[in-house]
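This is what each chain is made of:
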Amino acid sequence: MSTFRFGQHIIRASVVFHQTELSFALVNRKPVVPGHVLVCPLRPVERFRDLRPDEVADLFKTTQKVADVVEKHFQGTSLTISLQDGPEAGQTVKHVHVHVLPRKIGDFENNDNVYDELQKHDQQLEDVPEKWRTEEEMEGEAFQLRMYFNEPQKPLVERREHEGPL
Ligand code: AMW
């Protein structure tokens, strides 16, 4: 599979760093903190209640693994794990996704400001392409994170040569 669906977005496989039978994990184009990644069910349903029990189990098992990896890789000492379920809860992409953020002492002036940032970082005025990370930066991060999972990995250059435009 060379692309994944994430709500209205088409996601290149090169920014996806882990896949299971029912879920996948991708790097964020506008992370709130370094290592802020997303874990999603493969089936593009909008609300948490729409998931089947096996999808919930896989999503949370995958989140647990991914959270452990990003906490280590980004030298975090704690984690924020959050699911914005519906527009009034801050959800902008209509596809269930779990936010995983490695946390460190002093990363926000007040600890719970992380939730304000999560709420506003991808709202219309804030989420402009100039503020997104480059594909190269995102692919580089996905490449690093993929190494923690026992999944085949192609060298970056080889993969880029074989990927056409979307
Ligand atoms: W939500 O506000 O819907 O809980 O969070 C959506 C998240 O998805 C945000 O963190 C946003 O930066 C991220 N995002 C949106 N589109 C993409 C994309 N094409 N690639 C990577 N991350 C994305």
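Here is a short report on the structure shown in this document. (Residues numbered from 1 in each chain as written. Predicted model: local features only at pLDDT ≥ 70, side-chain atom pairs only at ≥ 80, totals over all residues. Heavy atoms only, no water.)

## Describing the pattern of salt bridges
Inclusion rule: One side-chain nitrogen of Lys or Arg within 4 Å of one carboxyl oxygen of Asp or Glu is enough to make a salt bridge. Runs of H or I in DSSP of at least four residues are treated as helices and runs of E of at least two as strands, each being numbered from the N terminus. Burial classes: relative accessible area under 20% of the type maximum marks a residue as buried, over 50% as exposed, and values in between as partly exposed (1.4 Å probe, protein chains only).
Overall, the coordinates contain 10 salt bridges when judged by the stated rule. Between Arg43 and Glu55 there is a salt bridge whose closest N-O contact spans 2.7 Å. Residue Arg43 is found in the loop between strand S5 (37-41) and helix H1 (53-73), and its partner Glu55 is found in helix H1; the two are separated by 12 residues along the sequence. Given a relative accessible area of 2%, Glu55 falls into the buried group. The network of salt bridges with shared partners includes Arg43, Arg52, Asp54 and Glu55.

## Structural notes on helix H3 (residues 135-146)
Selection rule: A helix is expected to span 1.5 Å for every residue after the first.
Counted at 1.5 Å a residue, the expected span for H3 with its 12 residues is 16 Å, and the 16 Å between its end C-alpha atoms agrees. Residues of H3 that are buried include every one of Met138, Glu139, Glu141, Ala142, Phe143, Leu145 and Arg146, and no others.

## Thoughts on the site of the ligand
Under the convention used in this document: Here a residue is near a molecule or strand as soon as one of its heavy atoms is found within 4 Å of it. Distance and chemistry together define a polar contact, namely a pair of N or O atoms within 3.5 Å, with one atom able to donate a hydrogen and the other to accept it when in protein, and with adjacent residues in sequence counting only for side-chain atoms on both sides.
Around the ligand, the structure places 20 residues, and the nearest of them are Asn28, Thr92, His97, His121 and Asp122. Between an oxygen atom of the ligand and a side-chain N or O atom of Asn28, the distance comes to 2.7 Å. Within the backbone of Gly90, one N or O atom sits 2.9 Å away from an oxygen atom of the ligand. Counting residues per element, the ones that place at least two in the shell around the ligand are strand S2 (9-12) and strand S4 (23-27).

## A short note on the nonpolar core
Stated formally: Nonpolar cores are built from buried Ala, Val, Leu, Ile, Met, Phe, Trp, Tyr and Cys residues. Side-chain atoms within 4.5 Å join them into one set. Note on definitions: a residue-residue contact is assigned when non-hydrogen atoms from the two residues lie within 4.5 Å.
One finds Phe17, Leu26 and Leu145 to be the most contacted residues of the largest nonpolar core, which totals 31 residues. When residues of this core are traced back to their parent elements, those giving at least two are strand S1 (3-6), strand S3 (16-19), S4, S5, H1, strand S7 (98-103) and H3. Apart from the residues lying within four places of it in its own chain, the contact partners of Phe17 are Ala25, Leu26, Val27, Val37, Val66, Ala142, Leu145, Arg146, Phe149 and Glu151. Counting 6 residues, the second largest nonpolar core, distinct from the first, contains Val32, Phe108, Val114 and Leu118.

## Digging into H1
One full turn of an α-helix is made of 3.6 residues, so residues set three or four places apart face in the same direction. Our working rule: It is the directions from the helix axis to the C-beta atoms that the arc portrays.
With 21 residues, H1 extends 30 Å from end C-alpha to end C-alpha; this agrees with the ideal 30 Å at 1.5 Å per step. Buried within H1 are the following residues: Glu55, Asp58, Leu59, Thr62, Thr63, Val66, Ala67, Val69 and Val70. Buried residues of H1 fall within an arc of 170° about the axis and therefore sit on the same side. The outward face of H1, more than 90 degrees from its buried face, is lined by the exposed residues Pro53, Lys61, Gln64 and Lys72. Buried positions along H1 lie against S3, S4, S5, strand S6 (78-82), S7 and H3.

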